[in-house]
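Survey of secondary and tertiary structure
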2 protein chains.
Amino acid sequence: MAELPDKAEHFIEWYLEAVEVAGLTDKRYPVKGMNVWTAYGFQARRLLDGLMVRGIEATGSQAVEFPALIPQTEFQKEKEHVKGFDTQVYWVTKGGTTELDIPLVLRPTSETAMYPMFAIWIRSHKDLPLNVYQIVNTFRYETKTTRPFLRIREIHFFEEHTCQLTDEAAAARCQSNLATFQGIADGLALPFVASRRPEWDKFPGAYYSIALDLPVGGARTLQVGTIHHYRENFSRPYEIRYEDLSGELKYVHQTTFGLSERLLGATVAFHGDRRGVVFPNSIAPFQVVIVPIVSQNSGPIAVDAARTLADRLRTRGLRVHVDDSENRPGAKYYLWESRGVPLRIEVGPREAAAGTVTAVTRLGEKKTLGPGPLEGPILQALVDFDLALAAQARATFQKSFSVAYRLEELKDSTTVRLVSWCGTEECGHQIEQAIEGAVLGVPEGPLPIDPGPLTECIACGKMHGTRWTLAGRPL
Amino acid sequence: MAELPDKAEHFIEWYLEAVEVAGLTDKRYPVKGMNVWTAYGFQARRLLDGLMVRGIEATGSQAVEFPALIPQTEFQKEKEHVKGFDTQVYWVTKGGTTELDIPLVLRPTSETAMYPMFAIWIRSHKDLPLNVYQIVNTFRYETKTTRPFLRIREIHFFEEHTCQLTDEAAAARCQSNLATFQGIADGLALPFVASRRPEWDKFPGAYYSIALDLPVGGARTLQVGTIHHYRENFSRPYEIRYEDLSGELKYVHQTTFGLSERLLGATVAFHGDRRGVVFPNSIAPFQVVIVPIVSQNSGPIAVDAARTLADRLRTRGLRVHVDDSENRPGAKYYLWESRGVPLRIEVGPREAAAGTVTAVTRLGEKKTLGPGPLEGPILQALVDFDLALAAQARATFQKSFSVAYRLEELKDSTTVRLVSWCGTEECGHQIEQAIEGAVLGVPEGPLPIDPGPLTECIACGKMHGTRWTLAGRPL
């Protein structure tokens, strides 16, 4: 029951162990980077999917599903896009013992699967906007070291694809997606920053890309989602056109919004501590674990009390587990802490007789609840836990950014940095070299901290066109 | 607004048109047999998935997810299984521009993905039973003509895999699966018959296979699911062993239970009529469609009444659509009938003023509801519709079977047949030739109709070992 590695000092080692002890995934599958979702991990994923589905459907987007296999001929229609993915895709070349006439790509993302159909579906301005999404697995032939949930070869992917009448409507859809993501992130108690990526780092084929980043210690950042404005970049090669009111044929303006199980990885990475994972209530496979403390000769009173309480909490819609295994209480506490359960309830024979329990949150707050009905106090303890987790997260987030005024300061960054940047690619690359990382881009909306008055570009020293810009070290 | 083809005379043509007019799937995707799930079709599928999930989780089975790609080396461990699938699998041979050292199979089913992991997970009798399931897409390089939901290349697949201590426990799990399927089929108002398939038609690698068949007109049957007992056929090559109480290493006994979107196809095929699809409430994307009848100068009263009613019904958890499009009422009726909506509510200006509506079920029953609160009467109408659909289905089912006593009777079968069979492969093949179809097997549990006293084998005329056996023409 050793503690995990120090999170600040050895982040990657800490992360890998935190995922491992929580039993969220099994990486012993014989294809590297394709992990098995255990029952526990799958439950968290299913709850996370639910957050995404409710968020996006509230904006009128509809669930669809397109095939996983894309003919080479369709895949290669948009040149930038193909260039971005050509070295990353799996190719299906044989069916049974037959070589396929046209090889099939296992989708790395679904633009090239969807857009030939959009071209059939869309005829008139009345067919717009078209807002659809799917949650499917996508595949990338990753050559770098894989890490559970963060860099993998089979990705659990949420992708919204929309077609809009105009450039402005597409930009508005991007902002709507940003608001949807805010809701999802709030549900996970994850503060984030949205930045418009520099030209050289945008999605292959995009007009612009807004990326959603989390600071995860030091200057490290984790990109957990993206929102892209495609303009007509795809609708032209795929010929997705509509007849406007005057009868003229026009190309649609497209957007996409992508999320993945990286959000689960981010939840682990951001909230976790030396004892393991910390889940917010929203995606905790078990919100409450009840541990009956059985002493010799005390009979079944504690176990009975635990089971009765569990049933009552379940009727309130809570996900509850009673750990009545033969392990010692200490081992149970360790296990369920490492697995991130928000609230542990302990009940011994004397407490059972008195109608009380001991409640301990995953953040370490301990209370006696009861006597009297316990459902209300337990629900309140869960709400308080979520609020405390969110407050802790905001405090961590605030400390994760600082301003840098000179390139030399960047090398030893212990936070993500705000720098003034003139917007030129040359200066951008100087910043990237100096921080040994990346220019994340200009934040959309308010800055994560107040950097004071705008100064000259950190690289060239000119004032013209400068903006406060984020730089960090993406994982 | 022509009627569909005659269902009895031209079943396949009827089926294809019924799926088409309902807009459940779009088959214009550029890979044949890989169809696009439209928003409407996806919603039905999602509801169907929910039936499966609730059914199987009530038995303690847990959701997991295994990778889609299986290394050739793992895929080829069980010889019969490989033989059954070798000509049907898609091979991934390239990642980016690199030839893979070990080709990967796109899962046609997940035995060979799961069992190497089960061998790691299972150590002791305490780890058993292991009951897990997943809902994922599977892939088969189908060379026959594809048909939406029935014969496709990307299959939406439910698969439970279990490991049990003994042969008996595995047989008991098969019976538990049968009870679970009964619940799912009841939810769809689909009567079925479970049969133990003859030796030559069991799943590759199985000890025995119980198939779940629906009669769908004439002698035609549709297999909508299977339950397999594997005994040790897979646990031996994959070395899935446990230590029993005495410390001895033993092989687990395995079972699987498979369902797919064929159940959606079966719902279309079984309940549908000349006007199109008929959905039971359980999986109807919309349970109620409200059509406001707007006459000139009547103002917004009917539309307002429709929207208010829709909101009220939604708070009761119903899936409701208000069709206030510009189409004529007749066109709307036709559209929503063809799409299978259980209940249509019409409300005109005079009815809106009087607080009444006209309710028409998809089976054609028409009623005036109100004045007064409408939620109760509408919920009742939906319950009555489901009961009527189930009664109609049972009546159809009863008429779908008849006894045959001589091989010559089989050729002109207009129902699925019950025949006496001695169980030998030779006689089985004679029956199959005579009916130009297949021996489905000996029913598990009660026979679908009472055939009277058992007679001699329909093929060899011997009495020894005969059982009432089903023969039909599988789609």
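Residues numbered from 1 in each chain as written. Chains lettered and ligands numbered in written order. Predicted model: local features only at pLDDT ≥ 70, side-chain atom pairs only at ≥ 80, totals over all residues.

The next subject is the overall build of chain A. Check the secondary structure of chain A and you find 13 helices and 23 strands. A globule of 475 residues ought to have a C-alpha radius of gyration of about 23 Å, and chain A, at 25 Å, matches this closely. With the C-alpha coordinates of chain A rotated into their principal frame, the extents come out at 85 × 60 × 45 Å. Buried positions account for 49% of the 475 residues belonging to chain A. For chain A, the proportion of contacts with a sequence separation of at least 24, taken over those separated by at least 6, is 68%. (Helix = DSSP H or I, 4+ residues; strand = E, 2+ residues; numbered from the N terminus. Rg over C-alpha atoms; globule rule 2.2 N^0.38 Å. Buried ≥ 20, exposed ≤ 12 C-beta atoms within 10 Å, placed from the backbone. Contact = placed C-beta atoms within 7 Å.)

Turning to the nonpolar core, a few remarks are in order. Ranked by size, the top nonpolar core spans 272 residues in total, and within it Ile290 and Ile431 of chain A together with Ile290 and Ile431 of chain B carry the most contacts. Contacts of Ile431 of chain A, omitting those with residues within four sequence positions, involve Leu410, Val419, Trp421, Val439, Ile458, Ala459 and Ala471 of chain A. (Core = buried A, V, L, I, M, F, W, Y, C linked by C-beta atoms within 7 Å.)

Residues and elements named next belong to chain A. Read across the open sheet, the five strands follow the order S16-S15-S17-S18-S19; overall the sheet is mixed. Each of the sheet's edge strands pairs with one partner strand only, and the pair in question is strand S16 (320–322) and strand S19 (366–369). Strand-to-strand twist in this sheet, taken as the mean axis angle between neighbours without regard to direction, amounts to 25 degrees. Pairing analysis gives five bridges linking strand S15 (residues 288–292) to strand S17 (residues 343–347), with the strands arranged parallel. Paired with Pro292 across the bridge in S17 is Val347. (Pairing = 2+ DSSP bridges. Axes fitted to C-alpha atoms, helices over the stretch in contact; angles between N-to-C directions.)

The next thing to look at is the interface of chain B and chain A. Contacts between the two partners involve 42 residues from chain B, matched on the other side by 42 residues from chain A. Among the elements of the structure, strand S2 (36–37), helix H2 (39–57), strand S3 (62–63), strand S4 (69–71), strand S5 (90–95), strand S6 (98–106), helix H5 (111–121) and strand S7 (130–139) of chain B are those that each provide at least two residues to the side of chain B that touches chain A. Per-element tally for the side of chain B that touches chain A: the top contributor is S5 of chain B, with six residues. Taken together, the residues of the side of chain B that touches chain A sort by class into 26 nonpolar, nine polar and seven charged. (Nonpolar A, V, L, I, M, F, W, Y, C, P; charged D, E, K, R; others polar.)

On to the environment of Phe270 of chain B. Of note, Phe270 of chain B is situated in helix H7 (residues 262–271). For Phe270 of chain B and Pro191 of chain B, which are 79 residues apart along the polypeptide, the C-alpha to C-alpha distance reads 9.3 Å.

Attention now goes to the relation of the copies chain B and chain A. Note: a rotation about an axis with an accompanying shift along it relates these two copies of the chain. By a simple turn and slide, chain B fits onto chain A: the slide is 0.0 Å along the axis, the RMSD is 0.0 Å, and the turn is 180 degrees. Given the turn and translation reported, the copies of this chain are related as if by a two-fold rotation axis. Judged by C-alpha distance, Val92 of chain B is the residue of chain B that lies nearest the rotation axis, at 2.1 Å. In this assembly the copies share their binding face: 100% of the residues contributing to the interface of chain B also contribute to that of chain A. (Least-squares fit on C-alpha atoms with pLDDT ≥ 70 in both.)

Before going further, it helps to spend a moment on the sheet that holds strand S5 (residues 90–95) of chain A. Spatially, S4(A)-S6(A)-S5(A)-S5(B)-S6(B)-S4(B) is the arrangement adopted by the six strands of the open sheet, whose pairing is antiparallel. The sheet is open, and its two borders are formed by strand S4 (69–71) of chain A together with S4 of chain B, each paired with just one other strand. In this sheet, neighbouring strand axes are inclined to one another by 45 degrees on average, regardless of whether the strands run parallel or antiparallel. Pairing of S4 of chain B with S6 of chain B, which is carried by three bridges, proceeds in the antiparallel orientation. From the neighbouring strand, Leu69 of chain B faces S6 of chain B, where its bridge partner is Leu106 of chain B.

Here we take up the packing of helix H2 (residues 39–57) of chain A against helix H6 (residues 167–187) of chain A. All names here are of chain A. Where H2 meets H6, the closest approach of the two axes is 9 Å, and the angle between their N-to-C directions is 150 degrees. For the element pair H2 / H6, the angle class is roughly antiparallel. Judged by the sense of rotation from one axis to the other, the crossing of H2 with H6 is right-handed. Seen from H2, the contacting residues are Leu51, Met52, Gly55 and Ile56; seen from H6, they are Thr180, Gly183, Ile184 and Gly187. Across the contact of H2 with H6, the residue classes tally to four nonpolar, four polar and no charged. (Parallel < 35°, antiparallel > 145°, perpendicular 65-115°, else oblique. Left-handed = near helix turned anticlockwise from the far one by under 90°.)

With that settled, the discussion passes to the environment of Val303 of chain A. Residues and elements named next belong to chain A. Mapping Val303 onto the fold places it in helix H8 (residues 301–315). Residue Val303 is classed as partly exposed on the basis of its 19 C-beta neighbours within 10 Å. Val303 sits 45 residues away from Gly348 along the chain, and the two C-alpha atoms are 8.5 Å apart. Once residues within four sequence positions are removed from consideration, Val303 is found in contact with Pro292, Val294 and Asp324.

Take the domain arrangement of chain A next. All names here are of chain A. According to the domain assignment, chain A contains domain 1 (11–271), domain 2 (286–383) and domain 3 (401–474). One C-alpha centre belongs to domain 1, the other to domain 3, and the line joining them spans 28 Å. If you look at the interface, domain 1 gives 19 residues, while domain 3 gives 23 residues. The residue makeup of the side of domain 1 that touches domain 3, split by class, is nine nonpolar, four polar and six charged. (Domains from an automatic or database assignment.)

Moving on, we get to the pairing of S19 of chain A. All names here are of chain A. Pairing of strand S18 (residues 357–361) with S19, which is carried by four bridges, proceeds in the antiparallel orientation. Bridging from a neighbouring strand, Thr358 pairs with Thr368 of S19. Between the end of S18 and the start of S19, which pair antiparallel, lie four residues, with Gly364 showing a positive phi angle near 95 degrees.

All names here are of chain A. Within S15, five of the five residues are buried, which leaves the element mostly enclosed by the surrounding structure. Here S15 shows a buried face lined by Val288, Ile290 and Pro292 and a second buried face lined by Val289 and Val291. With three bridges joining them, S15 and S16 adopt parallel strand pairing. Each bridged residue has a counterpart across the sheet, and for Val288 the counterpart in S16 is Val320. With H8 bridging S15 and the parallel S16, this β-α-β connection has right-handed handedness. (Right-handed = clockwise from strand over helix to strand, strands pointing away.)

Another aspect to go through is unusual backbone geometry. Across the junction of Leu128 of chain A and Pro129 of chain A, the peptide omega takes the value -5 degrees, indicating a cis bond. Its location among the elements puts Pro129 of chain A in the loop between helix H5 (111–121) and strand S7 (130–139). Going from Gly370 of chain B to Pro371 of chain B, the amide bond is cis rather than trans, its omega being 0 degrees. For Pro371 of chain B, the position within the fold is in the loop between strand S19 (366–369) and helix H11 (375–398). Of note in this structure, Asn297 of chain A is not a glycine but carries a positive phi near 70 degrees.

Attention now moves to H5 of chain A. Taking burial as the measure, the 11 residues of H5 of chain A include eight buried ones, the bulk of the element. Of the positions making up H5 of chain A, those classed as buried are Glu111, Thr112, Ala113, Met114, Tyr115, Pro116, Met117 and Phe118 of chain A.

Here the focus is H2 of chain A. Here H2 of chain A spans 26 Å end to end across 19 residues, near enough to the 27 Å set by a 1.5 Å rise per residue. Within the sequence span of H2 of chain A, burial applies to Gly41, Phe42, Gln43, Ala44, Arg45, Leu48, Leu51, Met52, Gly55 and Ile56 of chain A. (Expected span 1.5 Å × (residues − 1).)

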